[in-house]
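Residue-level structural notes
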Amino acid sequence: MSEFRNFGIGVAVYFETMRALAVICLVAGLLYLPSIMYYDSTSYDETGRSSIGWQLRGSLMCHDTKWVPCPTCTLDDWADSPRRYAIAENNLVFVLANECADIRLREGLQHLVVILFLAIAIFALGFHQKKLELQYDEAILSASDYSIKVDDPPLDATDPDEWKEFFSRFEGAHVTYVTVGLDNKHVVNALIKRRLLLQKLRQLHRSEHGTKEHQNATLEDLIAIATKRKPRLARSFIKTEEKCRNLLSPEKTYGTTSIFVTFETESAQRNVLRALSVGHKDILQNNVLALNDPNHAFRGKYVLSVAEAPEPSTIRWQDQDATLMMKLNQRILTSLITIVIVWGGFISVRAAFLKSDTLAAFLIAILNILGPHLFKLVNKLEAHPDEGSWQASLYMKVCTFRWINTAIVTTMVTPFMDTIAINGLIAKVDAVLKAEIITQPVVHMLDIWNNIKRHIFAPFSANQETMDSNFHGSIQHLGEKYTAMTKIIFLCIFYSPIFPASFFYGAFAYAANFYTDKFLFFRSWAAIPRIGNDVAVLSRNFYFPMTLVIMVIMSEFYMSAYPFDSLCDTYDFVNNGDEVLSQYIGTHRAYLASGGGNSEAVTVTVNGDVSDRVYRFCSQDFSSRFGSLLNFFDENKDDWMSEDQIFLTYLYGLCVVVAISLSFVFFFQHELWDNCKSFFTGTYHTEECDSGARFSDQEEIKAYVPQYHHLRFARPLLSCDIDAIDQDHIGWTDLQHTSDFYNLTKGIEHLTCGREKNNSAFAVVKHWAPKKTRRDSNSSLSFYGSTIAPMECKHF
């Protein structure tokens, strides 16, 4: 698995987690084997399991049913399951009872053992993830290890030399790079549009005059041809040119949004972070006295908000100007849209289940594939400072959609009394799990859209750049991948009390997705930004603990609701001498309430012996019983429960209280407490070792160079002057074009007339290369008179 660490912590931890979950599901399934064997025996179902599919025989699905007298039952009580309600002559009412064996203490305790195993395994996985993140971060040096980000710079602090001078005051600090981000999103967007239109103009000119003459064409020539052949294109380009000229006029000024500072050593970065670590309250109040050294106030009066910078490839430069109020409004809007999409999915799946379980299962699988694409569009309405934050937001939306769409909707649309019935809830879950195992890996392997782009669109591309853009590979988002992983364990856990074999499905699904994703990662996917552990942290601190809590709650619900027929024994017999009850004795032809005209009929025989008891309706549906959450308040539970079931219900009710309490403590410790503490005091610390290596010695490392990705271009578009920096630090190379070809600041001199160089409309990146002396045999580097060994391990 170490081969993944070169692609970022997030990617490496994703594959490690998927492999671990495959093992966890397999072990959980093996722990369930005694229960599975019991449910597959005549001890549980006296009628045998031969008529049930082999994969469902180890579930609570009950084939042993019997029509029983229920003189007080009404059709309203069975409105959701009319096929379990029948009326014979003289309005004799019969209802279908589940006659399978009672829940035994042994199976209930085995299920509790699985819960404990999963709790230990998932929390152990969380600790393993954190250990891996630390190992991978120390093994691969990146710009993030040397850099900080200033989130609240003064708007007029656009001079990189001023920032360099300020941060050089700190102990052992040599500033190698400073990147000044500006609030120039509208400028960049206008120039990108201009670049796209210019590309069309060149294509039009090439088709008119040929390649050779096209190479010497001026901008006036391009516009002249377009005016004759495509005047609308010419007008659009001229209008965009004018917009760019206005945005780049000397009167326009653009304030600073963020500052990225890269130091030559890791220790310098950590010294700065430690020295400037103060509470958010002090930052908001600009309390200079909170700093240990007054010289650490920028310009002598500003308390800066600084943090370790994310990886350069993850920075969303177009969103650096977003304010808190803007983000809040965006989140409200996207939350409302998410609710609408989730509700639409619910309506669609419910309608499909009315037609066919198989149709609904594949519809769920298709929605789970298409849903993330909708949420990617929704997420574009949100501003995020880096890809890690954007992916975490996507993860929350898609995970909520998939959880509801896959597990919760299936339960809600299935009548309660069909939970363990033949072709009931368990059969639906089986179909959904099969569809998840088959559909997602197959669709990903086919990679239909990208194959169309490569084999159909690319050969007919008008120019080389357009053709190259069709070979980018499939764009993947780690947030979406994590939701697919979380969804599988959630589905298995949600239904494990009634379908223990679901964990074997889960193990197979994880294995299939692991090898499919691993194959596609190296052969088909586009490069994934080197995001950190944002999604992994959200998963282990919130979604995995929530999954365990839901497992305990659903175990309590299902345990309290067995046998899912809403019938209670009145302990009365049909042969007790009552005139009404005595009418039930004999053979009757009873008509089912389903079908409208009572066309379907069943034959019911009541012999009048001690086995022919009279029943009454009693709601076992946990959705209608508030007390079913804990069952300490459910006074009528002993009407249908065995003694073992009563004990297990109390036990699981207690487990619910413990699980919710522990989850709250865990969440409070990891989220609420840390956030509250950071509001009042600085909380910077790190467990990473100082490698002693220098930034400038790293052959494959990136600087913070503002660039924007666009599907129409093979490489990101640069939005700053890079003439004075090390070109190797841009992060990519192109075999056909120089970096200037992708630089938005080039070729627009006629639009920037009169604008002073120190009043730039573009981000500024400045490089101060260190003065190196000869290296010794241990590759240590003498730097301004000090020598640091390559593996000096210090903790801050």
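Description of the structure in this document. All values reported here derive from a predicted model rather than from experimental measurement.

1. Some words on the overall build of the protein chain
- A count of helices and strands for the protein chain gives 20 helices and 16 strands.
- Summarising its shape, the C-alpha atoms of the protein chain cover approximately 110 × 70 × 50 Å along the three principal directions.
- Looking at the protein chain as a whole, 53% of its 796 residues are labelled buried.
- For the protein chain, the share of sequence-separated contacts (at least 6 apart) that also reach a separation of at least 24 residues comes to 77%.
- Carbon together with sulfur atoms contributes 58% to the accessible area of the protein chain, which is approximately 36300 Å² in total.

2. Overview of the pattern of salt bridges
- Enumeration according to the criterion identifies 24 salt bridges in this entry.
- Its salt-bridge partner being Asp151, residue Lys149 comes within 3.4 Å of it at the nearest N-O pair.
- Since its relative accessible area comes to 39%, Asp151 is described here as partly exposed.
- A salt bridge links Lys281 to Asp282; its shortest N-O distance comes to 3.6 Å.
- Taken together, the shared-partner salt bridges connect Arg104, Arg106 and Glu107 into one network.

3. Some points on the side chain of Arg84
- If you trace the backbone, Arg84 turns up in the loop between β1 (65-69) and β2 (85-87).
- Buried and unpaired, Arg84 has no salt bridge, with Asp418 as the nearest side chain of opposite charge at 4.6 Å.
- Excluding anything up to four places from it in sequence, Arg84 contacts Trp67, Trp78, Phe94, Val95, Leu96, Ala97, Asn98, Met417, Asp418, Ala421 and Asp565.

4. Quick word on the packing of helix α1 (residues 9-31) against helix α3 (residues 105-139)
- Where α1 contacts α3, the two axes come as close as 10 Å, and the packing angle between them is 160°. Classified by the angle between their axes, α1 and α3 sit roughly antiparallel to one another. Handedness of the α1/α3 crossing: right-handed. Only Val114, Phe117, Leu118, Ala121, Leu125, His128, Gln129, Leu132, Glu133, Tyr136 and Asp137 of α3 make contact with α1, whose side of the interface consists of Ile9, Ala12, Val13, Glu16, Thr17, Ala20, Leu21, Ile24, Val27, Ala28 and Leu31.
- Classifying every residue of the contact of α1 with α3 by side-chain character gives 16 nonpolar, three polar and three charged.

5. Some points on the state of the cysteines
- Taken as a whole and assessed by the stated rule, the structure comprises three disulfides.
- Sulfur-sulfur distance for the disulfide between Cys62 and Cys100 comes to 2.1 Å. Taking the torsion about the sulfur-sulfur bond, which here is approximately 105°, the covalent link between Cys62 and Cys100 counts as right-handed. Of the two residues, Cys62 sits in the loop between α2 (33-39) and β1 while Cys100 sits in the loop between β3 (93-98) and α3, which places them 38 residues apart along the sequence.
- A disulfide bridge connects Cys70 with Cys73, and the sulfur atoms are separated by 1.6 Å.

Criteria and cut-off values
- Residues numbered from 1 in each chain as written.
- Predicted model: local features only at pLDDT ≥ 70, side-chain atom pairs only at ≥ 80, totals over all residues.
- Heavy atoms only, no water.
- Helix = DSSP H or I, 4+ residues; strand = E, 2+ residues; numbered from the N terminus.
- Buried < 20%, exposed > 50% of the residue type's maximum accessible area, 1.4 Å probe, protein only.
- Contact = heavy atoms within 4.5 Å.
- Areas by Shrake-Rupley, 256 points an atom, 1.4 Å probe, with all protein chains shown as cover.
- Salt bridge = Lys/Arg side-chain N within 4 Å of Asp/Glu carboxyl O.
- Lys, Arg positive; Asp, Glu negative; His and termini not counted.
- Axes fitted to C-alpha atoms, helices over the stretch in contact; angles between N-to-C directions.
- Parallel < 35°, antiparallel > 145°, perpendicular 65-115°, else oblique.
- Left-handed = near helix turned anticlockwise from the far one by under 90°.
- Nonpolar A, V, L, I, M, F, W, Y, C, P; charged D, E, K, R; others polar.
- Disulfide = S-S within 2.5 Å.

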